[in-house]
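Here are the chains, one letter per residue:
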Amino acid sequence: MSSLTHFDAQGQAHMVDVGAKPATHRIAVAEGRITMQPETLAIIQSGTAKKGDVLGIARIAGIMAAKKTSDLIPLCHPLALTRVAVDFELLPETLSVRCLATVETVGPTGVEMEALTAVQVALLTVYDMCKAVDKGMVMEGIRVLEKHGGKTGSFIAYAPDQ
């Protein structure tokens, strides 16, 4: 396992210097789920939530969050993102909504944090829009599925049951 990059030799937190790293095409994909009561899933599916289009608003929130990641996570670099896609899948068999975020850039550092932030904020937005009818929703399984580009190359996550 590699050493932690956000600490110097004295153990002090610092922002990693990426100035000498080449700009490469980088992609990260993250996922997460929010589980809810059957009635809540039905409201999302039918589009009848009192606050409006739950998934449409959550998609915009996720995109905005990816763009603001460096404002939220202290040691993240501000990045010029070239693409952010936030998609949802209704999973009636598990009473959940799956969120998948894909983030891309051409730069000296990866976009995993931006993809994870997009997923989490999108799911938080689903919670916010539906909490009046279901305060017991649970966000879970937020993780990086894959990342490509940079010195370390590609990473593909193993299945949760492996």
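What counts and how
- Residues numbered from 1 in each chain as written.
- Predicted model: local features only at pLDDT ≥ 70, side-chain atom pairs only at ≥ 80, totals over all residues.
- Heavy atoms only, no water.
- UniProt positions renumbered as here; feature names shortened; annotations may be inferred.
- Pairing = 2+ DSSP bridges.
- Helix = DSSP H or I, 4+ residues; strand = E, 2+ residues; numbered from the N terminus.
- Core = buried A, V, L, I, M, F, W, Y, C linked by side-chain atoms within 4.5 Å.
- Buried < 20%, exposed > 50% of the residue type's maximum accessible area, 1.4 Å probe, protein only.
- Contact = heavy atoms within 4.5 Å.
- Polar contact = N/O pair within 3.5 Å; in protein donor to acceptor, adjacent residues only side chain to side chain.

The name recorded for the chain in an unreviewed UniProt entry is Cyclic pyranopterin monophosphate synthase, from Delftia tsuruhatensis. The record held by UniProt for the chain lists under Subunit (unreviewed entry) the comment "Homohexamer; trimer of dimers."

Chemist: Before we move on, can you summarise the pairing of strand β2 (residues 81-91) with the specific residues and values?
Modeler: One ladder, built from 10 bridges, connects β2 with strand β3 (residues 96-107); its direction is antiparallel. Of the residues in β3, the one forming a bridge with D87 is L100. Between β2 and β3, which pair antiparallel one after the other, the connecting turn spans 4 residues, and L95 there sits at a positive phi close to 50 degrees.

Chemist: Hey, could you go over the nonpolar core for me, with residue numbers and the actual values?
Modeler: Among the nonpolar cores identified, the biggest contains 28 residues, and M36, I44, V54, V86, F88, V97 and V126 are the most heavily contacted of them. Breaking this core down by element, the ones donating at least two residues are β1 (24-35), α1 (38-46), α2 (54-67), β2, β3 and α4 (112-130). Here this core takes 8 residues from α4, the largest share from any one element. Beyond its immediate chain neighbours, meaning those up to four positions away, V54 contacts I44, A49, V126, M129 and C130.

Chemist: Quick one: what's the story with the UniProt feature "binding site: substrate" (unreviewed entry) in the chain, residue by residue and with numbers?
Modeler: UniProt's entry tags L75, C76, H77, M113 and E114 with the feature "binding site: substrate" (unreviewed entry), counted in the numbering of this structure. Across 40 residues in sequence, these annotated residues keep their C-alpha atoms within 12.5 Å of one another, forming a single compact spot. You can see L75 is positioned in the loop between α3 (69-72) and β2. Taking the relative accessible area as the measure of exposure, L75 reaches 27% and is therefore partly exposed. Tracing the backbone through its elements, the reader meets C76 in the loop between α3 and β2.

Chemist: Tell me about the sheet that holds β1, and please be specific about residues and values.
Modeler: Here we have 5 strands laid out as an open sheet, ordered β2-β3-β1-β4-β5, and antiparallel in their pairing. Of all the strands in the sheet, the pair left with one neighbour each is β2 and β5 (155-156). Pairing geometry for β1 and β3, over 12 bridges, is antiparallel. Within the sheet, the bridge partner assigned to T24 lies in β3 and is G107.

Chemist: Explain the environment of T35 to me, and be specific about the residues and the numbers.
Modeler: Inspection of the secondary structure assignment puts T35 in strand β1. Each C-alpha atom of the pair T35 and R98 lies 8.8 Å from the other, and the pair is 63 residues apart in sequence. Sequence-distant contacts of T35, defined by excluding residues within four places in its chain, comprise T94, L95, S96, M137, V138 and E140. Within the structure, the side chain of T35 is placed 2.9 Å from the side chain of E140, a separation counted as a polar contact.

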